[in-house]
Amino acid sequence: MAVPTSRPKLRTAFKNARKISPLYTSGPVAVTSDGQKIVTCVGEEILLTDVTSGAEICRFLGDTQAISSLCITPSSSHLLVFTSSLSLRIFEFPKSVRPSSHSISPVRVVARAHDAPIHVCESDPTSTYLASGSADGVVKVWDILRGFITHVFKGHGGVVSALKFNYPQHSDSLRQQDSMQLVTASVDTRIRIFELSQNRIGGLKPISVLEGHSSVPRGLDVSSDGRWLVSGGRDSVVLVWDLSPLTSANTTESSKKGKNKASVPKLVKTLPILERVEALGLLPSDEDSSSSAVGVNDLKFFTGGESGLIKIWEAKEGTTLFSLGNEQTKISDDSEEQRQIVQGIYLPQTSTVVSVHADQNILFHSLSTRQLSRQLIGFNDEIVDVTFLSPALASSSQGPRDTHLALATNSSLIRVYSSKTLDARLLEGHTDIVLALDHGADGRVLASGSKDRSARIWAPNLSTDEDSDWGYHCVAICEGHGESVGAVAMSRKASVDGNGTPSPAFMFTGSQDRTIKMWDLSEIDFYSQAHGGDPSRCKSLMTLKAHDKDINSLDVAPNDRLLVSGSQDRSAKIYSISYNNSSQKSVSGTITLLGVCKGHKRGVWTVRFGKEERVLATGSGDKTVKLWNIDDFSCVKTFEGHTNSVLRVDFLNAGMQMVSSASDGLVKIWNVREEECTATLDNHEDKVWALAISADEKTIISGAADSVVTFWEDCTEEQEQEKELEREEMVLKEQDYHNYLSLNDYRKAIQLALAMQQPGRLLSLFRDIGSHDPESLSLSGDPAVDEVLRTLSGSDLTRLLRYTRDWNANAKTSEVAQRVLFAIFKLRTAEDVMKMFTDEVVELSLVSGELADSSADIKGGNALKELIDSLVPYTERHLTRMDKLLQESYTVDYILGEMDDGLFDDDGDLDMT
């Protein structure tokens, strides 16, 4: 007996699980000392992001002006922000990592902190003071908690370029110094040292001025014992200064007046860096610092500059110990400017160096492993294509699927994200914008097509160490097209190579030159080729002029026997694939045209074969999706609903559903059988160019021109379970409601009806109570109901008044509404009713997580005013109607009196005599 197979359920609900949105566009960056949170700027907004998960935690309320400088105190207690409006905004730093939709307001705002833009700021090691330097050469020191200025230092010859506090930390507590110094640098190439122990606010002069740089110093750092100062600038040198003479002079001659020339810090070393230094910091030495003082030969430091690399130096010989980052082999002037480092941060707790690059990327380099541990991509620009990847399958056939995501953006660099942590890597190779992506062999291999007229094949870096630097490397290049490569499609069935590893056998590319090329991939060694080796050149098996206009999309059938192409010439063409690899000497491959699908009124943007049935889906600029029969090339269904060009389409749920994205910013789920849209997913503000579905079909990825990538997760079962639970609860509540009515427990019945938000039940209840005893002296018809109306709480009373307002608008239910209103306003005072509306505002604020403020009374008063304004007109209309009925009743009485012809006397009794 055959076992009946059940059809899969339709997926009708998808939730916005998370998204990849712009993280950093420009401006300063700050990281907490534990490396768990990062503060970045997106336009005029300030974002706090969890580094581990890549999720946005919250935003800080700005003043709609660009951020010029910011920093986090070492204790992570406050965030200090300077904007281009010259204001200082102090925020309490949140401790929780739970995402919040509410912006954090500043605890203190200084409207005009400086008279010129503030470019640098720094907090002292004790998280007590803040130093800020402006473009007019003024440095101010602030008390963070109290918000006032403690010192003002003038005399800089231009813009202040760097700041650093010197607070010596000795292992011996007896040697801990009470004094604190501030080291500053400016565009006049001089470094100044100020003493903070003096108690005057203005007119303070530096205790020492260091001259040695020939250009702007951009980086300053002081050793933990306060003896060594390192400075790096755009003159491509790092200077090492000995501050011990200054320290000894302060201790031995504190009682003397004047200045000793011998107390000037000494220039100990000049180290050529051979690149402009934009970031610099001291690193802990290998020697045990507790045994003796650190010497100049024990110093190690890092630099970052125009090369985009973090270089670790030792001061003894002035040589590079190692470099962190990938050095570009082909560097153009534009890419060199984009890759340069603009800020560097050292995190001692995690032994990590964070580099911020001009191309909006933030890299976390581990000093212990000397590898890239984390990369955050700040801005993706316009996203044009996306595909899932499964690099773990390259080393194990049982590895997890769809663990990574590849993005093609308005750039020559391909972004590869980890789907779980959003850790990212950049794939360099193309010299122009990447237009198309595709994966083959279950997601192991990545293919890309670009405006540079070439296609590239990428394979994952094989490594057994989970902590090692993961990524992809180029293994093959396909060159031969005369125009941009706008479409790529790899074989869907994996063939086993010489090493026994599944790999794609062939690939197709479509170009603006209107041709389709077939490439042989059988000779590529995907997984054993060394990372960094020269990629191989693929051989073209055939070239076919396929269309009269640009080719927009290609797709290969799941059985590798059919190919379809979509073009701007408004047609889709289906070809049969012939690939022969039986002979090791010669590999042959051809495609033969089977038929043409015509019917679209605009160009065809996307084509996709069905995964289960012999059908083809196409999306076009005419705002429609068409379903075609592959056997006779006829259109069997047309789906209409998008308001702009359909850009991507794919099948879902064994071909029973389709997913489409369009230029209207929407993603739609279609029921193929009924030809109707079952769900619309909206989270984009621009054209949705990219669409991908995971292998288990539980996740849909959409990427748009608004630089946002959205993860849509299937929640159909969850929604059905929630509806079932709600239905069960509603049935129980309805049963309880009827039980309360039978027991004449009107208080619980009314409260339950209000909780269920069912005004119809309340209307029936009040109508039945009023009809029980019309002669009752009760205001509502029952004394128990009067007591309920007199003691209802704030939110219940306001909800009942709003229901009464709705009843009052209808003549049929106005009698019940007027009776309830009469009872409420007779039983309760005006102040009591006003207080109920205020209490409702406070309750809503607490539910939403906001703190109730002084505006609760105003909001409550406005809500009561709106209610009364809507009650008065209808009440006056009902009164006018009743007056008219009363007058008409007098007329009826008069007519009846005239019609009796004297049968009734004035007393109304019949005269029987």
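It should be noted that the structure appears before, not after, this text.
A few points on the structure. Being a predicted model, the structure only gives us computed values, none of them experimental. (Residues numbered from 1 in each chain as written. Predicted model: local features only at pLDDT ≥ 70, side-chain atom pairs only at ≥ 80, totals over all residues. Heavy atoms only, no water.)

**As for the overall build of the chain**
Selection criterion: Going along the chain from the N terminus, every DSSP run of H or I of four or more residues is numbered as a helix, and every run of E of two or more is numbered as a strand. For the exposure calls, accessible area comes from a 1.4 Å probe over protein chains only, and a residue counts as buried if that area is under 20% of its type's maximum, exposed if over 50%, partly exposed in between. In what follows, residue pairs with any heavy atoms lying within 4.5 Å of each other are defined as contacts. Every accessible area reported is derived by Shrake-Rupley at a probe size of 1.4 Å, with residue values counting cover from the shown protein chains alone.
Secondary structure assignment for the chain yields 10 helices and 59 strands. Classification of the 913 residues of the chain by burial places 50% in the buried group. The contacts of the chain with a sequence gap of at least 6 include a subset with a gap of at least 24, amounting to 52%. For the chain, the computed accessible surface area is about 43600 Å², with 48% contributed by carbon and sulfur atoms.

**Comments concerning the environment of glycine 35**
Mapped onto the elements, glycine 35 comes out in the loop between strand 2 (30-31) and strand 3 (37-42). The spacing of glycine 35 and threonine 350 is 315 residues in sequence and 7.0 Å in space, taken between C-alpha atoms.

**Quick notes on the pattern of salt bridges**
The criterion, for reference: A pairing counts as a salt bridge when a side-chain nitrogen of Lys or Arg comes within 4 Å of a carboxyl oxygen of Asp or Glu.
Inspection of the entire model under this criterion finds 33 salt bridges. The closest approach of N and O atoms between lysine 164 and glutamate 122, which form a salt bridge, is 3.8 Å. Of this pair, lysine 164 sits in strand 14 (residues 160-166) while glutamate 122 sits in strand 10 (residues 118-123), placing them 42 residues apart in sequence. Classification of lysine 164 by relative accessible area gives partly exposed; the value is 22%. With relative accessibility at 23%, the residue glutamate 122 sits in the partly exposed group. Here aspartate 806 makes a salt bridge to arginine 805, at a shortest N to O gap of 3.6 Å. Shared partners join several salt bridges into a network, and the residues in it are Asp438, Arg492, Asp555, Arg608 and Asp650.

**Side note on the packing of aromatic side chains**
Our working rule: Classification of ring pairs uses Phe, Tyr and Trp, with its six-membered ring standing for Trp, and accepts pairs whose centres are within 6.5 Å; under 30 degrees between planes counts as stacked, over 60 as edge-to-face, and the remaining range as tilted.
A full pass over the atoms with the stated rule returns 8 aromatic pairs. Centre to centre, the rings of phenylalanine 153 and phenylalanine 194 are 4.2 Å apart; their planes meet at 25°, and the pair counts as stacked. Remark: phenylalanine 194 occurs in strand 16 (residues 190-195) and phenylalanine 153 occurs in strand 13 (residues 149-153); sequence separation between them is 41 residues. On the basis of an interplanar angle of 75° and a centroid distance of 5.5 Å, the ring pair of tryptophan 605 and tryptophan 689 is categorised as edge-to-face. Here tryptophan 605 is found in strand 49 (residues 604-609), whereas its partner tryptophan 689 is found in the loop between strand 56 (676-682) and strand 57 (690-693), with 84 residues between them in sequence. Looking at tryptophan 605, the relative accessible area reads 25%, which means it is partly exposed. By relative accessible area, tryptophan 689 is classed as buried at 16%.

**Observations regarding the packing of helix 7 (residues 794-808) against helix 8 (residues 814-827)**
Describing two packed helices takes the angle between their axes plus the distance from one axis to the other. Where we set the bar: A fitted line through C-alpha atoms serves as each axis, taken over the contacting stretch for helices, and the angle formed by two N-to-C directions is quoted from 0 to 180°. Helix crossings fall into two classes, left-handed where the near helix is turned counterclockwise from the far one by less than a right angle and right-handed where it is turned clockwise. Under the scheme applied here, ten amino acids are nonpolar (Ala, Val, Leu, Ile, Met, Phe, Trp, Tyr, Cys and Pro), four are charged (Asp, Glu, Lys and Arg), and all others, including Gly, are polar.
Helix 8 packs onto helix 7 with a crossing angle of 145° between their chain directions and a minimal axis gap of 8 Å. In terms of crossing hand, the pair formed by helix 7 and helix 8 is left-handed. In contact with Leu797, Leu800, Leu801, Thr804, Trp807 and Asn808 of helix 7, helix 8 contributes Ser814, Ala817, Gln818, Val820, Leu821 and Ile824. For the contact of helix 7 with helix 8, a count of residues per class yields 8 nonpolar, 4 polar and no charged.

**Overview of helix 8**
This is how the line gets drawn: One fewer than the residue count of a helix, multiplied by 1.5 Å, yields its expected span.
Over its 14 residues, helix 8 runs 20 Å from end to end, which matches the ideal 20 Å to within 8%, given 1.5 Å per residue. Within the span of helix 8, buried status applies to Ser814, Val816, Ala817, Val820, Leu821, Ala823 and Ile824.

**Side note on the pairing of strand 34 (residues 434-440)**
The criterion, for reference: One bridge is not enough; two strands pair if DSSP finds at least two bridges between them.
By the criterion of burial, strand 34 is predominantly enclosed, with 5 of the 7 residues buried. Pairing of strand 34 with strand 35 (residues 445-450), which is carried by 6 bridges, proceeds in the antiparallel orientation. Pairing of valine 434 across the sheet is with serine 450, part of strand 35.

**So, the sheet that holds strand 48 (residues 588-598)**
Pairing in this open sheet of 4 strands is antiparallel, and the strands run 45-46-47-48 from one edge to the other. For this open sheet the edge positions go to strand 45 (551-556) and strand 48, each flanked by a neighbour on one side alone. The sheet shows a mean angle of 25° between the axes of neighbouring strands, direction not considered. Summarising the sheet, strand 45 and strand 46 (residues 562-567) pair through 5 bridges and their orientation is antiparallel. Across the sheet, residue leucine 554 finds its bridge partner in strand 46, namely serine 565.

**Thoughts on a nonpolar patch on the surface**
Let me state the cut-off plainly: Patch building starts from residues that exceed 30% relative accessible area and form no salt bridge, then joins like charges within 9 Å and nonpolar side chains (Val, Leu, Ile, Met, Phe, Trp, Tyr) within 5 Å.
On the surface, Val892, Tyr894, Ile895, Leu896 and Met899 cluster together into a nonpolar patch covering about 550 Å² of accessible area. The topology assignment puts methionine 899 in the segment after helix 10 (856-898).

**Some words on the side chain of histidine 878**
Note that histidine 878 resides in helix 10. The contacts of histidine 878, once residues within four sequence positions are left out, are Asn808, Asn810, Ala811, Ser814 and Gln818.

**Side note on a negative patch on the surface**
The cut-off we apply is this: Counting rule applied: Lys, Arg positive; Asp, Glu negative; His and chain ends not counted. Note that the charge is assigned to NZ on lysines, CZ on arginines, CG on aspartates and CD on glutamates.
A surface patch of negative charge is lined by Glu722, Glu726, Glu728 and Glu729. As for its placement among the helices and strands, glutamate 728 is situated in helix 3 (residues 716-742).

**Here's the deal with the packing of helix 6 (residues 783-791) against helix 8**
Threshold: Angle categories are assigned with fixed cut-offs, so that under 35 degrees is roughly parallel, over 145 is roughly antiparallel, 65 to 115 is roughly perpendicular, and the rest are oblique.
Running from amino to carboxyl end, helix 6 crosses helix 8 at an angle of 60°, the nearest separation of the two axes being 9 Å. For the element pair helix 6 / helix 8, the angle class is oblique. For the pair helix 6 and helix 8, the sense of crossing is right-handed. Packed against helix 6, whose contacting residues are Asp786, Leu789 and Arg790, the element helix 8 presents Ala823, Ile824 and Leu827 at the interface. The residue makeup of the contact of helix 6 with helix 8, split by class, is 4 nonpolar, no polar and 2 charged.

**As for the nonpolar core**
Under the convention used in this document: Working definition of a nonpolar core: buried Ala, Val, Leu, Ile, Met, Phe, Trp, Tyr and Cys residues. They are joined through side-chain atoms within 4.5 Å.
Ranked by size, the top nonpolar core spans 35 residues in total, and within it Ile750, Leu762, Phe766, Leu789, Leu800, Leu801 and Trp807 carry the most contacts. Listed by contribution, the elements that provide at least two residues to this core are helix 4 (746-756), helix 5 (759-772), helix 6, helix 7, helix 8, helix 9 (830-847) and helix 10. A per-element tally of this core places helix 4 first, with 7 residues. Apart from residues no more than four positions distant in its own chain, leucine 762 is found in contact with Ile750, Ala753, Leu754, Leu800, Tyr803 and Trp807.

**Focus on the sheet that holds strand 53 (residues 646-652)**
One open sheet holds the 4 strands; their spatial order is 53-54-55-56, and the pairing between them is antiparallel. Taken across any chain shown, the strands that pair with only one partner, and hence form the sheet edges, are strand 53 and strand 56. Taking each pair of neighbouring strands and ignoring which way they run, the sheet shows an average axis angle of 20°. Here 6 bridges tie strand 53 to strand 54 (residues 657-662), and the two strands are oriented antiparallel to one another. Paired with aspartate 650 across the bridge in strand 54 is valine 659.

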